[in-house]
Amino acid sequence: QGSNYSIAYAKKNKVADDDNDEEEETEDDKVNLASTFVAYLKHTMLHNTGTGEEATADNDNAVRSIYTSILYHSNYGKSCAGKTEEETRYMKSFFDACIQFETVKMGRRKDKKKKKGRKMELCKLYETAIGFYANGGGGSYWRKVVDGYQRDLDDVKYSF
């Protein structure tokens, strides 16, 4: 009964438990990974460190490496389930930035083989975005986002 009394006393008087020195993480203490991803991706897109075709190709590969790691090689980019509303909004910005990047790159391609490769990558991005929001629920707003991505995907797939 002594241990029950001390636990009740500690809770009532908000006495810190000496055995557990770690503080509980609050919602405000959590890092929004999605916002970090967006910032890093945009920084990489905007800060091309060289000139010429080789530097541009290196920068393009760096951008692709970032979104490939997040979307295809981690669990974070698989679904919006378990994410906060803020993280979900930032992931939309992330998907949109990736899609815009590939759309611009595809439009600049003159080589049909390379353009086809960029088109396939763009389709994969749309499919990943659709899967991310479709698997997590989230209400009618996100359903509209999924529908918009689906329309855009169909436009890309069936364009000449």
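Just above, that's the structure.
Residues numbered from 1 in each chain as written. Predicted model: local features only at pLDDT ≥ 70, side-chain atom pairs only at ≥ 80, totals over all residues. Heavy atoms only, no water.

This next bit is on the environment of Gln-100. By the element assignment, Gln-100 lies in helix 4 (residues 85–108). Under the relative-accessibility criterion, Gln-100 is labelled exposed at 54%. (Helix = DSSP H or I, 4+ residues; strand = E, 2+ residues; numbered from the N terminus. Buried < 20%, exposed > 50% of the residue type's maximum accessible area, 1.4 Å probe, protein only.)

Turning our attention to the packing of aromatic side chains. Inspection of every chain in the model, using the stated rule, returns 9 aromatic pairs. Ring centres of Phe-132 and Tyr-133 lie 4.8 Å apart, and the angle between their planes is 85°; on these two criteria the pair is classed as edge-to-face. According to the relative accessible area criterion, Tyr-133 is buried, its value standing at 1%. Aromatic rings pair up to connect Phe-95, Tyr-126, Phe-132, Tyr-133, Tyr-141, Trp-142 and Tyr-149 into one cluster. Positioned above the aromatic ring of Tyr-76, the side-chain terminus of Lys-83 is 4.4 Å from the ring centre. Geometry around Tyr-72 places Lys-124 over its ring, the cationic atom sitting 4.2 Å from the centre. (Phe/Tyr/Trp six-rings, centres within 6.5 Å; stacked < 30°, edge-to-face > 60°. Lys NZ or Arg CZ within 6 Å of the ring centre and 35° of its normal.)

A complete count under the given rule lists 6 salt bridges for this structure. Here Glu-102 and Arg-64 are joined by a salt bridge, their closest N and O atoms 2.7 Å apart. In this pair, Glu-102 sits in helix 4 while Arg-64 sits in helix 3 (residues 52–72), placing the two residues 38 residues apart along the sequence. For the residue pair Glu-102 and Arg-64, the accessibility class agrees, reading buried in each case. A salt bridge links Arg-143 to Asp-147; its shortest N-O distance comes to 3.0 Å. Taken together, the residues span about one helical turn, with Arg-143 and Asp-147 both in helix 6 (residues 140–157) at a distance of 4 residues. Under the relative-accessibility criterion, Arg-143 is labelled partly exposed at 44%. (Salt bridge = Lys/Arg side-chain N within 4 Å of Asp/Glu carboxyl O.)

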